[in-house]
Amino acid sequence: MFNRCRTRSTIFSIASFALASFGWSLANAQLETGWKAHDLSRPLPKVATPADEDLTVSPPSDAVILFDGSDLKQWSDSQGGKSKWQVKDGVLIATPKSGNLFTKKKFSDCQLHLEWEIPADIKREGQARGNSGVYFMESFEIQILDTLTNKTYADGMAGAIYGQYPPLVNAARPAGKWQSYDIVFHGPRFNEDGSLKSRATATVFLNGILIQDNSEFLGPTTWIKHQDYSKSPNKRRLSLQDHGNPTRFRNIWIRELVSERPQPEKPYPSPEVELSDDKMKRLVGDYGDFKVSNSGDRLFCRFFQTEMELVPLSESEFLMKKCAGKLVFDLDANGEVKEAKLHLDAAGKRVGTKKSATAK
Ligand code: MG
């Protein structure tokens, strides 16, 4: 969208950088998008017609099943009481004047699968045509609306980050058809002083088609304006919107994302000895399945068309720098190589005797 007016974009970028320099980073949403909320001149995305079949995905074993067609035991009203939303024939129905529906459990980073349907007999137009939405952390709405042909503002279409970013394409199906959302959401992060560290993001597939690609929420979504972040708890409830329309839902499940990966006890190794030129060059050679060469004071092992730097632990034992494995030389009393054993954790052991003193 910035290509439409490069000069204006440049000014916005400079302004954003200047604000960031003063610690007001990420604050002014309009400066960054160039669009006011619900700007009717904002281009509508092109249609990308999804496949005809329902893309229903059964929950994996580690999912929290929020709705399987039976009851509302995972949900409550805004105050934690019993919600008036209805469950009928295995379908959850947004019931007008019941208020939003909230999960009892709180979430932050997650993968959500949710299926929704605008009733085929929907009569109203614009933002009143089947409006609902899924809110992450009670604050960040991915819009639900009948928008295949219904005209409305681009940042209020199905799959929009409401009031901020339209979907990349219009991948909606017509009213009366079930549609699916698969959403990866990451919550915002805050510094200890309460300032914003990183924004919330969403990657969204509608009916199997990518419509938000790691999009950043400019702030909590709201009607008619952009809104800035303020520090919020790490986890909050997921919510479905009651916008006065009987939008229907089924098969809702969520997986909490684990953001921290296990770290190795030892990262990439460092040399534990220093080899003299002479000692290094005695190891260089062609060993059949693998070859050893040197470049300056660094030693390399080539195997399977891969060259890996060797990290000396001793004069005869070397770890692969970036691969789980090691190369061990059996040296005679004069320090000459009798044989060499290449151990690759993922690909077994190779034993070689030196075929030549060069590694070509
Ligand atoms: Mg909505």
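Residues numbered from 1 in each chain as written. Predicted model: local features only at pLDDT ≥ 70, side-chain atom pairs only at ≥ 80, totals over all residues. Heavy atoms only, no water.

*Asks:* Just to check I follow, could you spell out the coordination of the magnesium ion for this structure?
*Replies:* Protein coordination at the magnesium ion: the donors are Asn-131 (OD1), Ser-132 (O), Glu-141 (OE), Gln-143 (OE1) and Gln-241 (OE1), at 2.1 to 2.3 Å from the metal. Between consecutive donors of the magnesium ion, the numbers of intervening residues give the motif N-S-x8-E-x1-Q-x97-Q. You can see Asn-131 sitting in the loop between β6 (110–117) and β7 (132–136) and its partner Gln-143 sitting in strand β8 (residues 140–144), a full twelve residues away along the chain. The class for Asn-131 is buried, based on a relative accessible area of 2%. (Donors = N, O, S within 2.8 Å, 3.2 Å for Na, K, Ca; no water. Helix = DSSP H or I, 4+ residues; strand = E, 2+ residues; numbered from the N terminus. Buried < 20%, exposed > 50% of the residue type's maximum accessible area, 1.4 Å probe, protein only.)

*Asks:* Would you mind going over the sheet that holds strand β21 (residues 325–331) with me for this structure?
*Replies:* The strands making up a sheet associate through backbone hydrogen bonding, with each pair oriented either parallel or antiparallel. As summarised here, the arrangement of the eight strands in space is β16-β17-β18-β19-β20-β21-β22-β23, forming an open sheet in which the pairing is antiparallel. Two strands close off the open sheet at either side, each with one partner strand: β16 (285–286) and β23 (348–352). Taken together, the three bridges between strand β20 (residues 317–320) and β21 define a ladder with antiparallel strand orientation. Bridge pairing in β21 places Leu-319 opposite Lys-326. (Pairing = 2+ DSSP bridges.)

*Asks:* Would you explain the pairing of strand β13 (residues 209–216) in this entry?
*Replies:* Sheet faces and side chains relate simply in a regular strand, where the side chains alternate between the two faces. Relative to β13, strand β12 (residues 201–206) runs antiparallel, the two being bridged by five bridges. Residue pairing across strands places Ala-202 opposite Ser-215, the latter belonging to β13. What sits between β12 and β13 in their antiparallel hairpin is a turn of two residues, with Asn-207 showing a positive phi close to 55°.

*Asks:* When you look at the environment of Gln-74 in this model, what are you seeing that I'm missing?
*Replies:* Mapped onto the fold, Gln-74 is located in the loop between β1 (64–67) and β2 (75–76). The exposure class assigned to Gln-74 is partly exposed, which follows from its relative accessible area of 23%. Remark: the alpha-carbon pair of Gln-74 and Val-64, spanning ten residues in sequence, is separated by 9.3 Å. In this structure Gln-74 touches Val-64, Ile-65, Leu-66, Phe-102, Thr-103 and Lys-104, once residues within four positions along its chain are discounted. (Contact = heavy atoms within 4.5 Å.)

*Asks:* In this structure, what is going on with the pairing of strand β19 (residues 306–312)? I would like to understand it.
*Replies:* The element β19 is largely enclosed, with a buried count of five among its seven residues. Sheet analysis places strand β18 (residues 298–303) next to β19, joined by five bridges and oriented antiparallel. Residue Cys-301 lies in a different strand from β19, and its bridge partner there is Met-308. Here β18 folds back onto β19 in antiparallel fashion, the turn holding two residues, of which Phe-304 has a positive phi close to 45°.

*Asks:* Looking at this model, I keep getting lost on unusual backbone geometry. Mind explaining?
*Replies:* Trans peptide bonds make up most of the peptide bonds, and negative phi angles are found at most residues other than glycine. One non-glycine residue, Asn-214, adopts positive backbone phi at about 55°. Turning to its location among the elements, Asn-214 is positioned in strand β13. You can call Asn-214 partly exposed: its relative accessible area is 47%.

Any functional reading would require information beyond the geometric quantities listed.
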